[in-house]
Amino acid sequence: GCLKALVFDCAPFAPVVEDQGKAAEPGGAAGPRSGADQGHEMLVAVMLGCMAGLCRRHAPGIRPFVLAQDKGFAKVLRAAAVSGSTLLAPQWPEFGDYAKWEQLDCTLRFPLPRLFLYSARDQLFPPELIEAYIAHTARYNSHAPIFTERCERSPHCKLWDAERERCANAVTKMLRTIGVITP
């Protein structure tokens, strides 16, 4: 087998994730979300997480989460989230439209395998939300191989720091199962 692509996604991105026919509660564990949001608040959270990781390594004196409390900085982040999706939409109409994205995903000749690495201790994206999204993914694309690993000790975005061996084993298992690496 040949690995053609890897996709890294921070968390379920759709405004509403259904689990066994029940819609997610607005304002539930993932915070307030509206159908009109199109994931903009999620993009802001992802951008902040990425900035925090870069700052921790290259500019430890800068604290993006403290900066995000500034109304002007928060406004810039939200504008970037909205503009980014607006700029990408003409090139990829599936961007931001989950129904179109799922339709496109289901038409792929070879369904893309998915590995969901998540943690029981993640307070930003609790395991119930990730598990609901896993179930949703399995329903809309039943041909895609799905692998999961629920870590137990890791806080948000610290899976590889806190449970490196568990994460590495999960990635290795997926790559072996799909034939990218041999036993």
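Here the structure is a predicted model, which means the values were calculated and not measured.

Some points on the overall build of the chain
Stage number 1. Summing up its helical and strand segments, the chain has seven helices and four strands in all.
Stage number 2. Helices and strands appear in the chain in the N-to-C order β-β-α-α-α-α-β-α-β-α-α.
Stage number 3. A burial count over the chain gives 28% of its 183 residues as buried.
Stage number 4. The long-range share in the chain, meaning contacts at least 24 apart out of those at least 6 apart in sequence, stands at 62%.
Stage number 5. Accessible surface for the chain amounts to roughly 12,200 Å². Of this, 59% is attributable to carbon and sulfur atoms.

Observations concerning the side chain of D122
Stage number 1. As for its position among the elements, D122 is in the loop between β3 (114–119) and α5 (127–140).
Stage number 2. No salt bridge is formed by the buried D122; the nearest opposite charge belongs to R121, separated by 9.7 Å.
Stage number 3. Side-chain polar atoms of D122 contact the backbone nitrogen of L124, separated by 2.9 Å.
Stage number 4. Side-chain polar atoms of D122 contact the side chain of H156, separated by 2.7 Å.
Stage number 5. If near-sequence neighbours (up to four positions away) are discounted, D122 is found in contact with P127, S154 and H156.

Things to note about the packing of aromatic side chains
What characterises a pair of aromatic rings is the spacing of the ring centres plus the angle enclosed by the ring planes.
Stage number 1. A complete count under the given rule lists one aromatic pair for this structure.
Stage number 2. Ring centres of F116 and Y133 lie 6.3 Å apart, and the angle between their planes is 75°; this geometry places the pair in the edge-to-face category. Pair noted here: F116 is in strand β3 and Y133 is in helix α5, with a separation of 17 residues, a long-range link. No difference in accessibility class separates F116 from Y133, as the two residues are buried.

Brief notes about the pairing of β3
Stage number 1. Relative to strand β4 (residues 146–151), β3 runs parallel, the two being bridged by six bridges. Across the sheet, the residue bridging to F116 is T148, located in β4.
Stage number 2. One crossover worth recording links β3 to the parallel β4 by way of α5, and it is right-handed.

What to know about the confidence of the model for the chain
Stage number 1. Looking at the chain, pLDDT values average 73 and 68% of them are 70 or higher.
Stage number 2. Here residues 11–36 is a poorly scored stretch, pLDDT under 50, and it has 43 contacts once near neighbours within four places are set aside; other chains count.

Looking at the pattern of salt bridges
Stage number 1. Taken as a whole and judged by the stated rule, the model has five salt bridges.
Stage number 2. D105 serves as the salt-bridge partner of R114, at 2.6 Å between the closest nitrogen and oxygen. The exposure classification of R114 matches that of D105, with both residues buried.
Stage number 3. Notably, a salt bridge pairs R166 with E163, separated by 3.5 Å at the nearest N-O pair.
Stage number 4. When its relative accessible area of 32% is taken as the criterion, R166 is described as partly exposed.
Stage number 5. Where salt bridges share partners, they join E131, R150 and E152 into one cluster.

Digging into the nonpolar core
Stage number 1. F116, Y118, F125, L129, I130, Y133 and I134 form the largest nonpolar core, which has seven residues in total.
Stage number 2. Broken down by secondary-structure element, the contributors of at least two residues to this core are β3 and α5.
Stage number 3. With four residues, the top contributor of residues to this core is α5.
Stage number 4. With residues up to four places along the chain from it excluded, the contact list for F116 reads Y133, I134, T137, I146, F147, T148 and E149.

What about α5?
Stage number 1. When the terminal C-alpha atoms of α5 are compared, their 20 Å separation across 14 residues agrees well with the 20 Å that a helix rising 1.5 Å per residue should span.
Stage number 2. Taken as a whole, α5 has its buried residues at P127, L129, I130, A132, Y133, I134, H136, T137 and Y140.

Cut-offs used in this document
- Residues numbered from 1 in each chain as written.
- Predicted model: local features only at pLDDT ≥ 70, side-chain atom pairs only at ≥ 80, totals over all residues.
- Heavy atoms only, no water.
- Helix = DSSP H or I, 4+ residues; strand = E, 2+ residues; numbered from the N terminus.
- Buried < 20%, exposed > 50% of the residue type's maximum accessible area, 1.4 Å probe, protein only.
- Contact = heavy atoms within 4.5 Å.
- Areas by Shrake-Rupley, 256 points an atom, 1.4 Å probe, with all protein chains shown as cover.
- Lys, Arg positive; Asp, Glu negative; His and termini not counted.
- Salt bridge = Lys/Arg side-chain N within 4 Å of Asp/Glu carboxyl O.
- Polar contact = N/O pair within 3.5 Å; in protein donor to acceptor, adjacent residues only side chain to side chain.
- Phe/Tyr/Trp six-rings, centres within 6.5 Å; stacked < 30°, edge-to-face > 60°.
- Pairing = 2+ DSSP bridges.
- Right-handed = clockwise from strand over helix to strand, strands pointing away.
- pLDDT = per-residue confidence, 0-100.
- Core = buried A, V, L, I, M, F, W, Y, C linked by side-chain atoms within 4.5 Å.
- Expected span 1.5 Å × (residues − 1).

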